[in-house]
Amino acid sequence: MAKSLLLISRQAPWSGPGAREALDIVLAGGAFDLPIGLLFLDDGVFQLAAGQHAKVVQQKDLSANLQALPMFGVDELFVCADSAAERGLAVDALALDDLNVLGAADIAALIDRYDQVITL
């Protein structure tokens with residue numbers, strides 16, 4: 001059986017290539033049926049904000065990649081409620097459905113569930 005992978009995305013979509021690279025890794029893993037999860041933490045929660053205008057900051061829009069996650073078998077999607085609240089984002093207004101909302105205390109248990117963890 002393949003080892004499970006949790007990818008922790010901690011960068012805002014406009015702060016550099018980290019957010020796009022995280023999504024690319026998750027989509028590739030999903031395409032190969034790797035047991036994979038994605039946690040949006042810290043500034044990574046900004047990737048989930050609705051109504052972003054990526055072209056204004058000369059970035060590529062990540063919303064299509066986010067919407068494609070379920071089609072690639074990536075169903076384990078998590079968001080840190082504390083990170084969202086600290087950044088003024090309401091978790092019920094985020095751009096993805098079926099997010100598992102976790103408190104900061106639950107994240108350690110989540111990380112323990114996976115064989116390998118990558119943070120970008």
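The structure this text deals with has already been given above.
Everything quoted here is computed from the prediction, not taken from an experiment.

## Looking at the overall build of the protein
On a plain count of helices and strands, the protein comes out with four helices and five strands. Its helices and strands taken in sequence order, the protein reads β-α-β-α-β-α-β-α-β from the N to the C terminus. Against the compact-globule benchmark of 14 Å for 120 residues, the protein has a radius of gyration of 13 Å, which places it among compact chains. Along the first, second and third principal axes, the C-alpha atoms of the protein reach 45 × 30 × 25 Å. Looking at the 120 residues of the protein, the share that counts as buried comes to 41%. Counted over contacts in the protein with a minimum sequence separation of 6, partners at least 24 positions apart contribute 76%. With the model as given, the accessible surface of the protein reaches about 6500 Å², and the carbon-plus-sulfur share is 53%. Both charge centroids of the protein, one from 7 positive and one from 16 negative side chains, sit 8 Å from each other.

## Some words on the nonpolar core
With 27 residues, the main nonpolar core has Leu 38, Phe 40, Leu 48, Leu 69 and Leu 96 as its most contacted residues. Of all the secondary structure elements, the ones that give two or more residues to this core are β1 (5-9), α1 (18-31), β2 (36-40), α2 (63-68) and β3 (76-80). Of the residues forming this core, the biggest block, five residues, is contributed by α1. Excluding anything up to four places from it in sequence, Leu 69 contacts Leu 23, Val 26, Leu 27, Leu 38, Val 74, Leu 77 and Leu 96. Ranked by size, the runner-up nonpolar core spans ten residues in total, among them Leu 39, Leu 41, Phe 78 and Leu 110.

## A short note on the side chain of Ser 9
Along the chain, Ser 9 turns up in strand β1. For Ser 9, a relative accessible area of 1% gives the class buried. Within the structure, Ser 9 has its side chain in polar contact with the side chain of Gln 47 (distance 2.6 Å).

## Brief notes about the sheet that holds β3
Within a sheet, adjacent strands bond to each other through the backbone by hydrogen bonds, running parallel or antiparallel. Spatially, five strands are ordered β4-β3-β2-β1-β5 in an open sheet, and the strand pairing comes out parallel. Where the open sheet ends on each side, the last strands, each with one partner, are β4 (100-102) and β5 (116-119). Between one strand axis and the next, the sheet turns through 25° on average, direction left out of account. Sheet analysis places β2 next to β3, joined by four bridges and oriented parallel. Looking across to β3, one finds that Gly 37 is bridged to Glu 76.

## Topic: the environment of Ala 84
Position of Ala 84 among the secondary structure elements: in helix α3 (residues 81-86). What makes Ala 84 buried here is its relative accessible area of 0%. The sequence separation of Ala 84 and Gly 44 amounts to 40 residues, and the corresponding C-alpha distance is 9.1 Å. Non-local contacts of Ala 84, meaning those with residues more than four positions away in its chain, are made with Val 45, Leu 89 and Val 91.

Definitions and limits used
- Each chain has its residues counted from 1, following the order in which its sequence is written.
- Confidence filtering applies because this is a predicted model: local features only for residues at pLDDT of at least 70, side-chain atom pairs given and counted only at 80 or more, and all residues used for totals across whole chains, interfaces and linings.
- As a convention, hydrogens and water are excluded, and side-chain values are obtained from all of the structure's heavy atoms.
- Secondary structure is summarised from DSSP: a helix means a run of H or I of at least four residues, a strand means a run of E of at least two, and numbering begins at the N terminus for each.
- Just to be clear, the radius of gyration here is over C-alpha atoms, and the globule rule we use is 2.2 Å times residues to the power 0.38.
- The rule is simple: take the accessible area with a 1.4 Å probe, protein chains only, and divide by the maximum for that residue type; under 20% is buried, over 50% is exposed, in between is partly exposed.
- Throughout, a contact is declared for two residues whenever any of their heavy atoms are within 4.5 Å.
- Note that accessible areas follow from Shrake-Rupley with a 1.4 Å probe, and for residues the cover is restricted to the protein chains shown.
- Think of it this way: Lys and Arg go in the positive column, Asp and Glu in the negative one, and His and the chain ends go nowhere.
- Here the site of a charge means atom NZ of a Lys, CZ of an Arg, CG of an Asp or CD of a Glu.
- Remark: nonpolar core denotes a set of buried residues (Ala, Val, Leu, Ile, Met, Phe, Trp, Tyr, Cys) joined through side-chain atoms within 4.5 Å.
- What qualifies as a polar contact is a pair of N or O atoms within 3.5 Å, subject to a donor-acceptor requirement within protein and to the restriction that residues adjacent in sequence count only when both atoms come from side chains.
- Strand pairing follows a simple DSSP-based rule, namely that at least 2 bridges must link the two strands.
- Orientation is described by axes fitted as lines to C-alpha atoms, over the contacting stretch for helices, and by angles from 0 to 180 degrees between their N-to-C directions.

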